[in-house]
Every structure is written in C-alpha cells, then in structure tokens.
Amino acid sequence: MIAGQSRDFHDFLKFAAFSFFVLLVFLVVNVFEKIRQTPKSRSVAILVLGDVGRSPRMMYHAESFAKLEFSTYLIGYKGSKPIHSLTSLPHIRLCYLSEPPPFITRIPFVLAAPIKISYQIATILYTLIFAIPRSPEFIMVQNPPSIPTLALVWLVGRMTGSKVIIDWHNLGYSILALKLGEVHPLVKIAKRFEIIFGSSAYAHLFVTNAMRDHLVQEWGLIGHKAVLHDRPPSHFHKCSPLDVHELFVRLGPSISPSLAAFLPSALPPDLTQFTEVVDYHGHPPYSTAPASRASDFSSMRIPRLRKDRPALLVSSTSWTPDEDFGILLEALKIYESRAREVNVTDSKECDSKEQQVLPRIWMVITGKGPLKERYMTEVKLLQQNWRYVRCTSMWLEAEDYPLLLGSADLGVCLHSSSSALDLPMKIVDMFGCGLPVCALDFACLPELVKVRINGLIFQNASQLAVHLETLLTSFPSPPALEALRKSLQRASQVPLNVEHRVHNHEHQEGADWEWGSWSENWNRVVKPLVLRDAERFS
C-alpha cells in the first residue's frame, strides 16, 4: 500500500512539474509577443498601489488623458467609489487588482510580508503585461509607494518600450522613516531602491517646485521634468444656498442623534440644520403673511442660510502620525474656554443673546485611518462638558465630499510633510470650493497658502485657536473670513495666461494671488509631454 501511495505521489509531482512547465512556456511566449509589439499610440496605464477612489490626483490624470481620447487603463485596488467621469467617459477602463488571500492577515508579519509583496508583484505584472490588450505608450506610476511599483514599471517599460512617467507625490523612504527612524537599515534600503528605480524615466512630474529642485539636485534625475501643482477638478465650487440645502436634506438622517441638542432644529424638506426655505419676500412657508401671497412671485420658494446656524469647519485627515490631531483637539479646548468667556461678558453688557461674539462650531472630520478610534474616543469624553464646540467624524462618498467643502465656512489642515517637499491635496480641494484654510506650517507650504490672502498658517494649538477666534468673530458675517473668501473668488476667475505666469515663478505675494483649474494646469504642463512624439511623427 505504501509503495502504491509513493507511486501516486510521484505521478502527482510529475503532473505538477509538467503543468508548471507548460504554463511557463505559455507565459514566455506571450511576454515575447508583447515585447515584439510596438506600444499602442495614444494609450496610457496609470498604476496606483492603493484604493483608486481615494487617489484623487491619479483619477484626475485618468480623466484628463481620456478627454484627449487616450485609451486609459486605471489600475489599483477596489474600495471607495471613484469619481463619476471614470465610469462615464468612453476611453477609461478600470482594472482592479485582486486583494491578497485573507489567510495572510492571520499569520505572523515576517511570513505575511513576503507573501503579500510577491502577490502584489504577480498581480501587477499580470495586469500590465496580459490584462491590457496591447502595451500602452505610457505607464504613469504614483510615488509613493515606491516598493515594488517603481521597479515593476521600470522592468515593464524596458521590456515593452512603454514610456514611464513618475508622478512624485512625496518620497517613500521619508514616510517609512516616520515609523522606523532615519538611520534604520530598512529606511536606507528603501531610499536606495527609490533612487535606483526612480531616477530615470521618460518624464517626472512634481507636486511642488521644492520637490523638483531637491530631486534634480540630489538624485540627478534623467528625463523631462515638470511641476504640476495640484488643482481640483471643475466640479469643485462654492455651494449656493440651494446646494447646501439639498446636501443637508440628504445627510440629515446620517447626522448623529447626539448633535440634536447642539444643532438648530430641522424639519425637512423646508428646514435643515443650516438652511431654511423662504418665499419671495423672505417669509418661511410656515409663517402667516397674507400680503406676501398677492403676486406670482410670492409663490417662489428658495433656500437661504439660517442666521442661527453654527460655523461649519471641515478637516480631512488620514488619521496617521504625520497629522497631529492633538493640535486641533487642544485648539478646540481653548476656543471653548474663550467662547464661554467672551460670550458671557458680551451677554452681560448687551443683555442679548443675539450679540454673541463667537459662534458655536461644528467641526466635521472626514477620512479613515489607524488613529481615528483613539482620538474620537477622547473627543467624546471632552465634549460632554462643551457648550460651543462639537467634533464628529463623517465618511462621505466622492460626490458629496466637494459639496461639504463648498458648504463649510473654514477648513483646517493638519498635514505635516514627512519630506517637507509635498503639499496636501486637501488644501487644494478646499480652495477649489472657495473655502479659506488654516494650515499647519512646514517648509514649502507658502507655495500654496498665502497668509491673509487665502488662509492663515499656525505652528501650534494656541496659534490655531487665535486664528479661529479672529476669523469667526461676528459670525455669520465675519469680516476677516469674508475677506479671504473674496480673495479666493477673485483668484478662481483669473484667465489662463495669468496661470502661466504663476508657474513660471512670477508669484505676486499680494491681493492678486492667482489660481487655476486642474484642466488648465494639466493641459499646459502634461499635454505637451504626452503629445510630443505624436505631433512630431504626424
């Protein structure tokens, strides 16, 4: 019996070896055919080693390529819902990578890590070489993460002749250094990996001038080099009262019941926590004003912002160590104390609740991440005794996020760059929605935030608390905040030739601060790069 089992086992090994050999031959033949093919003109594969729906810059790249009628393959993991255009434009195909097997989460890290990386390598190579019918003219890769994507696109580019474009969002090794320290051997290996596979490409795109200058000087990058500052897409805008009303009619049921006593009462569809529907003469539909019903105009019903609404503040965070939520929490504590002091004093002098100097604040935090539960548990304990501040977390679909920003009064950014060379996309989104920002200071932030023109900069909780008081005094018509809003509105109306001057470093540090849309920026910077060869050979 043992001899029979042994023969069966040997037969199985022979069959497995033969099957593996056949598969290997099949793969080699297919790879060889791919290598012999000329890359398809006007096509691009965009690789994101992460959730596609949470990678806005890469989604905007895909949208811009598709509008140029490039066959566009957006590769990444399935998760959050992507922007609408990615599912509606005819030239875009979403190629989702399969997740590693579930058992990996149940085994030790030392075993799980190599299995996970090997699985990622296999799925990425399969998608780039086999899932795309013909090798694309361009492969664009987001960095970070650097490992293993930079090496894989370098390899596929060499094999197929596809031109590699690296979009430098940050430096991968600098993020690893936050966890392990700059002198850790793995950080040094990661840096060397990034230099070897990232220093040479057809083109390098950078989110800041500072990053371009640093990498060109320190790493000697080879290839075209261009700064593409982040800009929001065209559908990001300041919301009208109607937009705000429709948003909170929709979001109302999802607002935590614990906020019921803090926020103004709501009675949909005519009354939300922030808006009310009134007739042509400004009367609510539930008021009795017979004279106002005399004309056809009086039957018109339009939403307007409520005067008794709280100030709506928004901060988007990934809940990671490079964003210190503790700064915001401490600033809210200081604001709460200051509001009690100022409003009580004001109430005694004026004997009127209408004369409150500082408003109530509803601080909405969007995003997901590892430190969320820790901080939100702390917030719940603190705000049990707060009268003027509430802080809650909220997760929004892609289409509702810009509407919340466009409905808010002030944005807060806690991003502190691991490399001091990148800029936070969240501030760009806020500016696109006409939302002034208070941002944590770091080296290249002045490329984006202009003090007292589109926002204010802070270095600690005390400074942030002072900024909140300055900007929100006399809400709902705070003069300091209104000045920033008007500056943003003027900037959004600047023509394209002014946007050109901005990116040629002729910055105007004053009231004439300039801005532009993602499409204008992309068409000026990236479009000439990707059409260079097509125009030369046409």
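The structure contained in this document is the topic of the report that follows.

Quick notes on the rules
Residues numbered from 1 in each chain as written. Predicted model: local features only at pLDDT ≥ 70, side-chain atom pairs only at ≥ 80, totals over all residues. Heavy atoms only, no water. Helix = DSSP H or I, 4+ residues; strand = E, 2+ residues; numbered from the N terminus. Buried < 20%, exposed > 50% of the residue type's maximum accessible area, 1.4 Å probe, protein only. Contact = heavy atoms within 4.5 Å. Areas by Shrake-Rupley, 256 points an atom, 1.4 Å probe, with all protein chains shown as cover. Pairing = 2+ DSSP bridges. Axes fitted to C-alpha atoms, helices over the stretch in contact; angles between N-to-C directions.

### Regarding the overall build of the chain
Right, on to step 1. Along the backbone of the chain there are 18 helices and 15 strands.
Right, on to step 2. A total of 538 residues make up the chain; the buried ones form 50% of that total.
Right, on to step 3. In the chain, 71% of the contacts between residues at least 6 apart in sequence involve partners at least 24 apart.
Right, on to step 4. Total accessible area on the chain stands at roughly 26100 Å², and carbon and sulfur atoms take up 59% of it.

### Remarks on the pairing of strand 10 (residues 311-316)
Right, on to step 1. Counting buried positions along strand 10 yields 6 of 6 residues, so the element is predominantly enclosed.
Right, on to step 2. Examined bridge by bridge, strand 10 and strand 11 (residues 361-366) share 6 bridges and lie parallel to one another. Within the sheet, the bridge partner assigned to alanine 311 lies in strand 11 and is isoleucine 361.
Right, on to step 3. In the sheet, strand 10 pairs with strand 13 (residues 410-413) via 2 bridges, with the strands oriented parallel. Within the sheet, the bridge partner assigned to valine 314 lies in strand 13 and is glycine 411.

### So, unusual backbone geometry
Right, on to step 1. Here the residue pair asparagine 143 and proline 144 is connected by a cis peptide bond, since its omega of 0 degrees sits within 30 degrees of zero.
Right, on to step 2. Residue position: proline 144 is located in the loop between strand 4 (136-143) and helix 5 (149-160).
Right, on to step 3. Note the cis peptide between isoleucine 147 and proline 148, where omega equals 5 degrees.
Right, on to step 4. Looking at the secondary structure, you find proline 148 in the loop between strand 4 and helix 5.
Right, on to step 5. A positive phi angle is found at arginine 42, which is not glycine, with a value near 55 degrees.
Right, on to step 6. One can find arginine 42 in strand 1 (residues 40-51).
Right, on to step 7. For serine 474, which is not glycine, the phi dihedral falls at a positive 70 degrees.
Right, on to step 8. Within the fold, serine 474 resides in the loop between helix 14 (461-472) and helix 15 (479-491).
Right, on to step 9. A residue is classified by how much of its surface remains accessible, and serine 474, at 42% relative accessible area, is partly exposed.

### Details of the sheet that holds strand 3 (residues 92-97)
Right, on to step 1. If you trace the 7 strands from one edge of the open sheet to the other, you get 3-2-1-4-5-6-7, paired in parallel fashion. Only two strands of the sheet have a single neighbouring strand rather than two, namely strand 3 and strand 7 (222-227). Between one strand axis and the next, the sheet turns through 20 degrees on average, direction left out of account.
Right, on to step 2. Relative to the sheet, helix 2 (residues 56-67) contacts strand 1, strand 2 (71-77), strand 3, strand 4, strand 5 (163-168) and strand 6 (200-206), its axis offset from that of strand 1 by approximately 165 degrees.
Right, on to step 3. Helix-sheet contacts for helix 7 (residues 185-198) involve strand 4, strand 5 and strand 6, and the interaxial angle to strand 5 is about 140 degrees.

### With respect to the sheet that holds strand 15 (residues 455-458)
Right, on to step 1. With respect to topology, 6 strands assemble into an open sheet ordered 12-11-10-13-14-15, the strand pairing being parallel. The outermost strands of the open sheet, each flanked by one partner alone, are strand 12 (389-394) and strand 15. Neighbour-to-neighbour, the strand axes of this sheet turn through a mean angle of 20 degrees, independent of strand direction.
Right, on to step 2. Bridge analysis of strand 13 against strand 14 (residues 437-440) gives 3 bridges, and the strand direction is parallel. Residue pairing for strand 14: valine 412 is matched across the bridge by cysteine 438.

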